[in-house]
Amino acid sequence: MRNRIEALKKEKNAVIMAHYYAPAEVQEIADFVGDSFYLAKVAKESDAEVIVFCGVNFMGESAKILCPDKKVLMPDLSADCPMAHMVREGKIDEMRERFSDLAVVCYINSTAELKCQSDVCVTSSNAVKIVRALPNKNIFFIPDRNLGRFVAAQVPEKNIILNDGCCPIHADVTADSVKALAECHKNAQILCHPECEPEVVAMSHFSGSTAEIIDFAKASDNKEFIVCTEEGVGFKLRSDNPTKNFYFPTPCPVCKDMKLNTLENILKVLETEDNQVEVDFDKRMGSLLPLERMLELGK
Ligand code: 13P
Ligand code: SF4
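Scope of this entry: the structure provided in the associated data block. (Residues numbered from 1 in each chain as written. Chains lettered and ligands numbered in written order. Predicted model: local features only at pLDDT ≥ 70, side-chain atom pairs only at ≥ 80, totals over all residues. Heavy atoms only, no water.)

Details of the sheet that holds strand β4 (residues 71-73)
- Strand order in the open sheet formed by 4 strands is β2-β1-β3-β4, and the pairing between neighbours is parallel. In the strand order of this sheet, the two ends are held by β2 (32-34) and β4, each with one partner. With direction set aside, neighbouring strand axes in the sheet form an average angle of 20 degrees.
- The sheet contact formed by strand β3 (residues 50-54) and β4 spans 3 bridges and is parallel. Across the sheet, the residue bridging to Val-52 is Leu-73, located in β4. (Pairing = 2+ DSSP bridges. Helix = DSSP H or I, 4+ residues; strand = E, 2+ residues; numbered from the N terminus. Axes fitted to C-alpha atoms, helices over the stretch in contact; angles between N-to-C directions.)

Points about the pairing of strand β9 (residues 189-192)
- On β9, burial covers both faces: Gln-189 and Leu-191 on one face and Ile-190 and Cys-192 on the other are all buried.
- Sheet analysis places β9 next to strand β11 (residues 224-228), joined by 4 bridges and oriented parallel. In the strand pairing of β11, Cys-192 is matched with Cys-228. (Buried < 20%, exposed > 50% of the residue type's maximum accessible area, 1.4 Å probe, protein only.)

As for the packing of helix α3 (residues 36-45) against helix α15 (residues 281-297)
- Across the interface, α3 lies against α15 with an axial gap of 11 Å and an inter-helix angle of 105 degrees. One way to sum up the angle between α3 and α15 is to call them roughly perpendicular. Packed against α3, whose contacting residues are Phe-37, Lys-41 and Lys-44, the element α15 presents Glu-292, Met-294 and Leu-295 at the interface.
- Looking at the contact of α3 with α15 residue by residue, the class counts come to 3 nonpolar, no polar and 3 charged. (Parallel < 35°, antiparallel > 145°, perpendicular 65-115°, else oblique. Contact = heavy atoms within 4.5 Å. Nonpolar A, V, L, I, M, F, W, Y, C, P; charged D, E, K, R; others polar.)

Regarding the site of ligand 1
- Every residue close to ligand 1 is listed here: His-19, Tyr-21, Asp-35, Ser-36, Asn-109, Ser-124, His-170, His-193, Glu-195, Ser-209 and Thr-210.
- At 2.8 Å from an oxygen atom of ligand 1 is found a side-chain nitrogen or oxygen belonging to Ser-36.
- Between ligand 1 and Asn-109 there is a distance of 3.1 Å, counted from an oxygen atom to a side-chain nitrogen or oxygen.
- The fraction of the free accessible surface of ligand 1 (300 Å²) that becomes covered by protein chains is 96%.
- Residues of the shell around ligand 1, tallied by class, amount to 1 nonpolar, 8 polar and 2 charged. (Near = heavy atom within 4 Å. Polar contact = N/O pair within 3.5 Å; in protein donor to acceptor, adjacent residues only side chain to side chain. Areas by Shrake-Rupley, 256 points an atom, 1.4 Å probe, with all protein chains shown as cover.)

Okay, structure coming up:
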């Protein structure tokens, strides 16, 4: 299967991009593996004609918006991020009416419809930097309340209005489960994604995007880590650091949508070119500016 995938990639000038939450065997064969910001940047810069995007819908959609001339294929079009939809209809208009200088800051984990109504997109690796750089005092941060709260704590000069969305996988990581693990591994450093609930962020030694967690663990002299994010990052953490130990809370955080990316599905879409991501013209034009602003401000 791997040989066939390799041959089709060459034949079609295709690249495979995978998020760190994709299954290990998918990360292993991917040309590019990274966090959401890195993957958006790489998609835009790539000169491939076909991108097989092993992530969830908003990632494939962002790649298509940034590179409309490329074929963007998803191994399974039903791979979705539930949080991407978690903004009540009309809420953004209400906020714009209330605050005349409002900036709507949209986490990239969002639908193209939400991006169209926003001023700038962010990812977990650049949200603090971008919000700090905005001239606006009032910021409506959508859809993730936890990343919004994480940014608010670091940018106290802004009035950050939170929206009640969250990632169900990260919200399931409880402070008690992390405490129990820390009791067993007293020297472990706790690393978390800012999508975790505030109690988990408060007890962590470091919070950052998936790529930042990976970089932190590599640079650290510590030998043990408790990792509060989706279990897929374990593949890179363990390959980079064979002498270090990584523990995940119980129940182990698994994003079932990310796991829909399989070698079988990758091969199938490379063969058939089915599952092309399509974004209609209005949606693409509306969400291009906030995404490009993110790439510029996030540099
Ligand atoms: P990163 O941008 O940190 O990779 O996060 C993406 C994501 O979906 C986290 O749940
Ligand atoms: Fe969405 Fe959470 Fe899955 Fe990330 S882990 S893609 S935020 S559901």
